[in-house]
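Analysis of the macromolecular model
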Amino acid sequence: MTMRELIALAVPSAESNTNSSTVPQVHALNILRALYRDTRLGENIIPFVSDGMQAAVLGFTSPVWAVRNSSTLLFSTLITRIFGVKRGKDEHSKKNRMTGREFFTRFPALYPFLLTQLEEAAATVESDSGHVKLHPSLFLLLLVLSRLYPSPMDGSSSPLGLAPFMPLIMRCSRSAVYRTREMSARALVPFVLVTQVPSTVQSLLQELPPEPGPKIQHNHIHGTLLQ
């Protein structure tokens, strides 16, 4: 009951757009972070991880700095709670990752949420258009997805398969922001099965322009080559 009330307060609402109205939200985010960090709660806190992750990602879109700051700290705590404490110098090693099937089986509510959020974020990506557009939560989404990798049991008909995420991650490579292109490249690699490497490389190469021209989008080219 307490967790549900905290999560309800932590999730942004239409009214929470001023500093005064976000005070309860900030307190709720900070309390949730403390609870997720408490090792004494163990597996009892796991059923609320999905809701906490949604609150953190949505909170990052707030115009209020205090909410974004608390959401970032909560997100960091949840990453540690889900994937464990960093065990080596390489943060992208399998020691701190899990298969997409395991991740979405443990947290099924995050599958449609992350997919919807990534669709919205990818739709805002522009390159060489004169205006830099960056969805507030895009980096967080790519960071979570970069911690997953395909399961040998994944198939094209799997309801929890990672395939729907791939074209969206590829689209993020068109961003005018270098860090976004780099993160999209890191996020794509774990999604490609060994048997899919040739076809994926061919698909990426086909995205490259056949010859130089005035309308060439250099950020898109760079992002594609990174992937």
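In what follows, the structure referred to is the one given above.
Anyway, here's the lowdown on the structure attached to this text. Since the structure is predicted, the reported quantities are computational estimates derived from the model, not experimental observations.

1. Side note on the packing of helix α4 (residues 65-83) against helix α7 (residues 138-145)
- Where α4 meets α7, the closest approach of the two axes is 12 Å, and the angle between their N-to-C directions is 10 degrees. For the element pair α4 / α7, the angle class is roughly parallel. Judged by residue contacts, Phe75, Ile79 and Phe83 of α4 engage Leu140, Leu143 and Val144 from α7.
- Within the contact of α4 with α7, the residues separate by chemical class into 6 nonpolar, no polar and no charged.

2. Thoughts on the packing of aromatic side chains
- A full pass over the atoms with the stated rule returns 6 aromatic pairs.
- Between Phe83 and Phe103, the ring centres sit 5.9 Å apart and the planes meet at 5 degrees, which makes this aromatic pair stacked. Of this pair, Phe83 sits in helix α4 while Phe103 sits in helix α5 (residues 100-106); the two residues are 20 residues apart in sequence, bridging distant segments of the chain. The pair formed by Phe83 and Phe103 is uniform in burial state, with each residue classed as buried.
- For the ring pair Phe104 and Phe165, a centre distance of 5.9 Å and an interplane angle of 10 degrees mean the geometry is stacked. One end of the pair, Phe104, is in helix α5; the other, Phe165, is in the loop between β2 (148-149) and α8 (166-172), with 61 residues separating them in the sequence.
- When its relative accessible area of 1% is taken as the criterion, Phe104 is described as buried.
- The exposure class assigned to Phe165 is buried, which follows from its relative accessible area of 0%.
- One aromatic cluster is present, formed by Phe83, Phe103, Phe104, Phe107, Tyr111 and Phe165 through successive ring pairs.

3. Some thoughts on the pattern of salt bridges
- Applying the stated rule across the entire model yields 2 salt bridges.
- As a salt-bridge pair, Asp38 and Arg40 come within 3.0 Å of each other at their nearest N and O atoms.
- For Glu182, the salt bridge goes to Arg179, with nearest N and O atoms at 2.4 Å. A residue pair is termed a helical-turn pair when its members lie 3 or 4 positions apart in one helix, as Glu182 and Arg179 do in helix α9 (residues 178-188) at 3 residues.

4. Remarks on the nonpolar core
- Within the largest apolar cluster, 58 residues are counted, with the highest numbers of intra-cluster contacts made by Tyr36, Met53, Phe103, Phe104, Leu114, Leu118 and Phe165.
- A total of 8 residues in this core trace back to one element, the largest contributor, which is helix α6 (residues 110-123).

5. Description of a nonpolar patch on the surface
- A cluster of nonpolar side chains, contributed by Val197, Val201 and Leu205, occupies part of the molecular surface with about 240 Å² of accessible area.
- On the secondary structure map, Val197 appears in helix α10 (residues 197-206).
- Taking the relative accessible area as the measure of exposure, Val197 reaches 37% and is therefore partly exposed.

6. Brief notes about the packing of helix α2 (residues 23-37) against α4
- As a packed pair, α2 and α4 sit with axes 9 Å apart at the nearest point and diverge in direction by 15 degrees. For the element pair α2 / α4, the angle class is roughly parallel. Our pair here, α2 against α4, has a crossing hand that is left-handed. Each of Gln25, Val26, Leu29, Asn30, Leu32, Arg33, Leu35, Tyr36 and Arg37 in α2 lies in contact with α4, whose residues at this interface are Ala66, Val67, Ser70, Ser71, Leu73, Leu74, Thr77, Leu78 and Arg81.
- Class assignment of the residues belonging to the contact of α2 with α4 gives a composition of 10 nonpolar, 5 polar and 3 charged.

The rules we used
- Residues numbered from 1 in each chain as written.
- Predicted model: local features only at pLDDT ≥ 70, side-chain atom pairs only at ≥ 80, totals over all residues.
- Heavy atoms only, no water.
- Axes fitted to C-alpha atoms, helices over the stretch in contact; angles between N-to-C directions.
- Helix = DSSP H or I, 4+ residues; strand = E, 2+ residues; numbered from the N terminus.
- Parallel < 35°, antiparallel > 145°, perpendicular 65-115°, else oblique.
- Contact = heavy atoms within 4.5 Å.
- Nonpolar A, V, L, I, M, F, W, Y, C, P; charged D, E, K, R; others polar.
- Phe/Tyr/Trp six-rings, centres within 6.5 Å; stacked < 30°, edge-to-face > 60°.
- Buried < 20%, exposed > 50% of the residue type's maximum accessible area, 1.4 Å probe, protein only.
- Salt bridge = Lys/Arg side-chain N within 4 Å of Asp/Glu carboxyl O.
- Core = buried A, V, L, I, M, F, W, Y, C linked by side-chain atoms within 4.5 Å.
- Patch = residues over 30% accessible without salt bridge, like charges linked within 9 Å, V, L, I, M, F, W, Y side chains within 5 Å.
- Areas by Shrake-Rupley, 256 points an atom, 1.4 Å probe, with all protein chains shown as cover.
- Left-handed = near helix turned anticlockwise from the far one by under 90°.

Keep in mind these numbers describe shape, not what the thing actually does.
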